[in-house]
Amino acid sequence: MNEYDAFVVREQGTNATYQIVAYGDEDLRDRVADLPSGATVGLRLRRAGLRANAWEVTGAGSVSSADANA
């Protein structure tokens, strides 16, 4: 997560990337910010504004794995 609370995630099955720029609430933002680099977690997303690849996290599942080298 960068200084603007944004980051990029990659969809495991397709390798598509999503620019995360907003969060449903502060608790969800904090939960996502605490994820280790390389973590695998299901995220619910919805478009954020009119930008082509800007998304808001509206929900997050539990972490199922993380990269051991992170």
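Here the structure is a predicted model, which is why all the values come from computation and not from measurement.

Peer 1: Can you tell me about the overall build of the protein, naming the residues and giving the values?
Peer 2: A count of helices and strands for the protein gives one helix and four strands. Its helices and strands in sequence order give the protein the pattern β-β-α-β-β, from N to C terminus. For 70 residues, the compact-globule estimate of 2.2 N^0.38 gives 11 Å, and the protein sits close to it at 12 Å. Each principal axis of the C-alpha distribution contributes one length, and for the protein these read about 35 × 30 × 20 Å. In the protein, the share of contacts with a sequence separation of at least 24, taken over all contacts with a separation of at least 6, comes to 48%.

Peer 1: Could you give me a rundown of the layout of surface pockets, with the residues and numbers involved?
Peer 2: Once rolled over the atoms, a probe with the size of a water molecule shows which space is left empty. As a volume, the largest pocket reaches approximately 650 Å³. What lines the largest pocket is a set of 20 residues, among which Val 9, Arg 10, Ala 39, Thr 40 and Val 41 lie closest to the centre. Going through the elements one at a time, β1 (7-10), α1 (26-33) and β3 (43-47) are the ones with two or more residues in the lining of the largest pocket. Its residues assigned to classes, the lining of the largest pocket comprises 13 nonpolar, five polar and two charged.

What counts and what doesn't
Residues numbered from 1 in each chain as written. Predicted model: local features only at pLDDT ≥ 70, side-chain atom pairs only at ≥ 80, totals over all residues. Heavy atoms only, no water. Helix = DSSP H or I, 4+ residues; strand = E, 2+ residues; numbered from the N terminus. Rg over C-alpha atoms; globule rule 2.2 N^0.38 Å. Contact = heavy atoms within 4.5 Å. 1 Å grid on protein atoms, 1.4 Å probe; cavity = no way out; pocket = protein on both sides within 12 Å on 5 of 7 lines; lining within 4 Å. Points joined across faces, edges and corners; volume = space filled by probe spheres on them. Nonpolar A, V, L, I, M, F, W, Y, C, P; charged D, E, K, R; others polar.

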